[in-house]
Amino acid sequence: MAIVKLENVNFSYGENEPVVLTDFSLEINKGEFLAIVGRNGSGKSTLARLINGLITPRTGKIEVFGLDTKESKNLFEIRKGCGIVFQNPDNQMVASIVEDDICFGPENIGLSREEIAKRIDFALKATKTEELRSSTASRLSGGQKQRVAIAGVLALKPQILILDESTSMLDPKAREEVMSVVKELIKSENMTVIVITHYMDEVTECDRVVVLDSGKKVAEGTPTEIFNRPDIIYGAGLDLPIPLKICEKLKSLGIDVGDVLEKEELGEKLCELLQRT
């Protein structure tokens, strides 16, 4: 069941500005783990803002939960059910203490004090940040701040979570921590998650990948289908996931372990290969 529909969407940031998205159409289903990838300036972040109703298309139509984003009366319900976590978590934090920051959203939609307390507990548990409840937000690490930013969105219990380059400022370990939280939310809450990124290793477990280039959709499919077309990946200014690049290098040396997207699976295959030699 599609909860987001974009039909022939065109967008630019001004009358005389270049077109950022061109005739873009896409349907996103409930509970789906979708990746939107592309080089800087390809239109990824613009797409996130369009879905959330922060901006509206010049032409075309966008419906979220069946509500037209061009109708101002719909924006409260759309934004309540569709949360965005941006690249820099410092830009989303509004309070000095973690617990106060997380309760900001629920307070602003008028929830009762008892419900707000439940939402805070839920968000902290979901993001594995319970021990940070009373911490000073400015003193947290990058990975901790990003998880708290996610918790702030989760406290609204949105149906859709958009991560807009949310791990780009993090080191590999912190990126893994954030993505593990996201994967757990998909399983436990049947949440629709849209990951906007240029880190190909983050999208290998997604249900579907959409590749953008110069504001146009140039490819769409499962991770396996997309990464089996390196011409599309390289043409869009992207790279292959590290495990797949290792597989390609091994093939060039006469060692064929297949095409593996996950590092754990690649490790198992290499161990099997070593045991046979």
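The structure displayed is predicted, hence computed values, not measured ones.

It is worth spelling out the sheet that holds strand β5 (residues 67-68) at this point. Here 4 strands make up an open sheet; going across it, the order is β2-β1-β4-β5 and the pairing antiparallel. Looking at which strands have only one partner, the edges of the open sheet turn out to be β2 (19-29) and β5. Sheet analysis places strand β1 (residues 2-12) next to β2, joined by 7 bridges and oriented antiparallel. In the sheet register, S12 faces β2, and the bridge partner there is V19.

So, on to the packing of aromatic side chains. Counted by the stated rule, this structure contains 1 aromatic pair. Look at F11 and Y13: their rings are 4.7 Å apart centre to centre, the planes differ by 90 degrees, and that puts the pair in the edge-to-face class. Assessed through its relative accessible area of 48%, Y13 is described here as partly exposed. Sitting over the face of the ring of F122, K157 holds its NZ or CZ atom 4.8 Å from the ring centroid. Directly above the aromatic system of F24 lies the positively charged group of K217, at a separation of 5.8 Å from the ring centroid.

Grouped together as the largest cluster of nonpolar side chains are 52 residues, with contacts concentrated most on L161, V211 and F227. Element by element, the count of residues in this core is highest for helix α6 (residues 172-189), at 7 residues. Other than its neighbours up to four places away in sequence, L161 contacts G83, V85, I150, V153, L185, M191, T192, V193 and I194.

Further remarks concern helix α9 (residues 242-252). For α9, the set of buried residues is P243, L244, C247 and L250. All buried residues of α9 fall inside an arc of 115 degrees around its axis, so they share one side. α9 presents I242, K249 and S252 as exposed residues on the side facing more than 90 degrees away from its buried surface. Along its buried surface, α9 packs onto α7 (223-227) and α10 (263-276). A positive phi of about 85 degrees marks G254, the residue just after α9.

Rules behind the numbers
- Residues numbered from 1 in each chain as written.
- Predicted model: local features only at pLDDT ≥ 70, side-chain atom pairs only at ≥ 80, totals over all residues.
- Heavy atoms only, no water.
- Pairing = 2+ DSSP bridges.
- Helix = DSSP H or I, 4+ residues; strand = E, 2+ residues; numbered from the N terminus.
- Phe/Tyr/Trp six-rings, centres within 6.5 Å; stacked < 30°, edge-to-face > 60°.
- Buried < 20%, exposed > 50% of the residue type's maximum accessible area, 1.4 Å probe, protein only.
- Lys NZ or Arg CZ within 6 Å of the ring centre and 35° of its normal.
- Core = buried A, V, L, I, M, F, W, Y, C linked by side-chain atoms within 4.5 Å.
- Contact = heavy atoms within 4.5 Å.
- Arc of directions from axis to C-beta.

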